[in-house]
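# Examination of the molecular architecture
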Amino acid sequence: MSKALEASRTKVDTVPSDDPDVARLRTLAESRVAIEAVTPEINGGRFAVKRVAGEPLTVTADVFCDGHDKIDAALVYGAVDGELHEVPLSFVVNDRWTGTLSFAEPGAHRFSIIAWRDLYATWRDEAKKKRDAGVLTDLELTEARHLVEMAEKSGRGSDDEQYALAELAEKLDGLRAAGDADAQYFLMQAPETIALLHATGVRTNLTRYADVPVWVDRERAAFSAWYELFPRSQSGDPARHGTFDDVIARLPDIAEMGFDVLYFPPIHPIGHTNRKGKNNSLKAEAGDPGSPYAIGSEEGGHLAIHPELGTFDDFHRLVEAAKGHGLEIALDIALNASPDHPWIKEHPEWFDWRPDGTIKYAENPPKKYEDIVNFHFYRDAIPSIWIAMRDMFLHWLKHGVRIFRVDNPHTKPFPFWEWVIDEVRKVDPGAIFLAEAFTRPKVMKRLAKIGYNQSYSYFTWRNAKWEFEQYLTELTQEECAEYMRPNFFVNTPDINPVFLQTSGRPGFRIRLALAATLGGNYGVYSGFELCEFEPVVAGKEEYLNSEKYEIRAFDWKREGNIRDDIAFFNRLRNSEPAMRDFRNLAFYTFWNDNVLWYGKRTPDLSSFLLFAVTLDPFNPQGGQFEVPLWEFGLPDGGSIKVDDLVAERSFTWQGKVQHWWFNPQECPYAVFRISRS
């Protein structure tokens, strides 16, 4: 205990005003209201909650105080270093309060909770009790007049509200002079007085919770449909390397299917040393183009374009042409290098070297990646490589790219990503980063926390009904829903799912329906629309004649394609407001483990969609299911209007239990829009 506090026991006025213990005492004494268990809050505020512009953010917290006085609470929020706004919190139950806010613009924001003892609300409650008991005295009315006087001195409220306070005080004084106690009481309990003093009254023992960071994205970070292609395979002739102009020629075809993100694997110069041949062979033949992930040659590295694709002027024309078709370009950023990358000579400290002086390849036994070497991010490489990588992202940002799919980010340092993403966002808050990290759950989630806007997920390997329900419940209902946005890719150049190798055309339609309706973000790798599935070896998740190692040519509208299915789901996603929210997913009961039955809806139920997808691509499946009449407040025997969006017909379901049957060869999914009859 300080000497000043010891002295204060006998003589209070001897305590120095600058005594730190006294300052702490006063601060602690003033923060009298408890604010606890705030949600959402990620790692105690270490990481940001995520929303898109205009998307509601509902905050809940425990708010309470000692004693029996009434309290009130509010959310304060706004851009970091910007003007703060306020919305009231509402009491729920058991000291739990809630409120909803939203942010208008992308960027760094924050919210906090303030709470205070509401002396006026306490007075109203106590005065009513006393009047009802017939014991209200002049003293209570004098206290009410003092509350108005305090409000006049509070500095809160507009000029008009301050004028209204003066009028209120004058009326109270007049009624007091006339001895009309009832009139004074009713004036202090009037709705307009309650509103006025709520806006202007003193907030006694005002307590504020620490700021909770919120990162606000543009909508495409949470709602997007990706189409991946290799630009070099767009010429229509495997003997001719494709160009950006060939991609431009394909834009109408891609837009026709309804995609909004066009994603390219790396488009940089490809190295020659240890270049891979067809089907990942360790020796390339003459003319083999090599893997685009072996970045760098005498023609440049991560800041350059592979010459056979075109020039930067050609790339700019592609970016603008894509915009004209409603498409954004996404680039794959792979932070690895060919042994021929110029940076190896310019910055040897950025790489790992063996004791014999040779460079260390990106080995991953039994896989061989000797056409690739890894960067090193610490030792003598810091800070120069961090700055160079930041400048590389900014370089592509200047060339019109705002979306980056990052290859294997989990093999690079978390602090690097946190720093570099923040640096890019300072230039463009609308930049989007997708983490290609098929890794351990906690690592995947950490990448999302430190800034990645979208994340690859385990969707690709979920096949059983219970797996989907369990995994999607985690992604949409648990804490990770506040910061992690999965992107459900149905396939990738690296992943040829076993399910698609054996399920035929129905299997492709099933996986499309699931990805497009379960996910806010989803993607397909070109060839999926043609039901391409041939593996290099049966059961191995690699494509035969993979485009990673050779140039291919396709008939993009050949018989048996599922382009119409893709277009249907992308139209649905863009026309139905319920589809734009990932977290509104609800699973319902279908008494067949081979059928997934789920719904999405807007809060006002104006857009309410139900999906039934058979998980069996071979056999007819069906059964009884529950129609969620309760969501509309209808009884089990109620009726609901149904629009069958696949068959384009309407009818009515009468009663909660209905029946549906699938023949996967005809159509493995059903989509219904329901509304009140």
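Residues numbered from 1 in each chain as written. Predicted model: local features only at pLDDT ≥ 70, side-chain atom pairs only at ≥ 80, totals over all residues. Heavy atoms only, no water.

### Quick look at the domain arrangement of the protein
Once the domains are mapped, the protein shows domain 1 (20-216), domain 2 (219-575) and domain 3 (585-676). A C-alpha centroid distance of 35 Å is found between domain 2 and domain 3. With 24 residues of domain 2 at the interface, the matching set in domain 3 holds 26 residues. The largest share of the area that domain 2 buries against domain 3 comes from K465, R509 and I510, three residues that together contribute 29% of it. Our count for the contact surface shared by domain 2 and domain 3 stands at zero salt bridges. (Domains from an automatic or database assignment. Contact = heavy atoms within 4.5 Å. Buried area = accessible area lost by both parts, 1.4 Å probe. Salt bridge = Lys/Arg side-chain N within 4 Å of Asp/Glu carboxyl O.)

### Considerations on the UniProt feature "binding site: alpha-maltose 1-phosphate" (unreviewed entry) in the protein
The sites that UniProt annotates as "binding site: alpha-maltose 1-phosphate" (unreviewed entry) are K276, D371, N408, K548 and Y549. Within the secondary structure, K276 sits in the loop between strand 12 (261-264) and helix 9 (312-324). K276 sits in the buried class, given a relative accessible area of 2%. Other than its neighbours up to four places away in sequence, K276 contacts S281, L282, A284, D288, G290, K368, Y369, D371 and Y549. Tracing the sequence through the fold places D371 in the loop between helix 10 (342-346) and strand 15 (373-374). (UniProt positions renumbered as here; feature names shortened; annotations may be inferred. Helix = DSSP H or I, 4+ residues; strand = E, 2+ residues; numbered from the N terminus. Buried < 20%, exposed > 50% of the residue type's maximum accessible area, 1.4 Å probe, protein only.)

### Some points on the pattern of salt bridges
Under the criterion given, the structure shown has 50 salt bridges. E149 is the partner of K153 in a salt bridge, and the nearest nitrogen-oxygen pair spans 3.2 Å. Note that D211 and R208 form a salt bridge whose closest N and O atoms lie 2.8 Å from each other. On the basis of relative accessible area, D211 is assigned to the partly exposed category, the value being 35%. We classify R208 as partly exposed; its relative accessible area is 42%.

### Quick notes on the layout of surface pockets
In this structure, the second largest pocket encloses a volume near 820 Å³. The wall of the second largest pocket is formed by 32 residues, among which E55, P56, D581, R583 and N584 lie closest to the centre. Among the secondary structure elements, those contributing two or more residues to the lining of the second largest pocket are strand 2 (49-52), strand 3 (57-64) and helix 14 (465-477). For the lining of the second largest pocket, the element with the highest residue contribution is strand 2, accounting for three residues. Among the residues forming the lining of the second largest pocket, the class breakdown is 14 nonpolar, seven polar and eleven charged. (1 Å grid on protein atoms, 1.4 Å probe; cavity = no way out; pocket = protein on both sides within 12 Å on 5 of 7 lines; lining within 4 Å. Points joined across faces, edges and corners; volume = space filled by probe spheres on them. Nonpolar A, V, L, I, M, F, W, Y, C, P; charged D, E, K, R; others polar.)

### Some thoughts on the packing of aromatic side chains
On inspection of all chains with the given rule, the structure shows 51 aromatic pairs. An angle of 75° between the planes, with centres 5.3 Å apart, marks the rings of Y185 and F186 as edge-to-face. In this structure Y185 comes out as buried when scored by relative accessible area, which is 6%. Put simply, the rings of F377, Y378, W386, F393, F404, F416, W417, W419, F433 and Y452 pair up and form one aromatic cluster. When the ring centre of W556 is taken as reference, the NZ or CZ atom of R250 above it lies at 3.9 Å. The cationic tip of R511 hangs over the ring face of F459; the distance from NZ or CZ to the ring centre is 4.7 Å. (Phe/Tyr/Trp six-rings, centres within 6.5 Å; stacked < 30°, edge-to-face > 60°. Lys NZ or Arg CZ within 6 Å of the ring centre and 35° of its normal.)

### Some points on unusual backbone geometry
The peptide bond linking T39 to P40 adopts the cis configuration, its omega dihedral lying at 0°. You can see P40 is positioned in the loop between strand 1 (34-39) and strand 2. Residue P383 is reached from I382 by a cis peptide bond, and omega for that bond is 10°. For P383, the position within the fold is in the loop between strand 15 and helix 11 (384-398). Its identity is not glycine, yet N43 carries a phi of approximately 50°, on the positive side. A relative accessible area of 37% means that N43 is categorised as partly exposed. Unlike most non-glycine residues, N279 shows phi in positive territory, near 55°.

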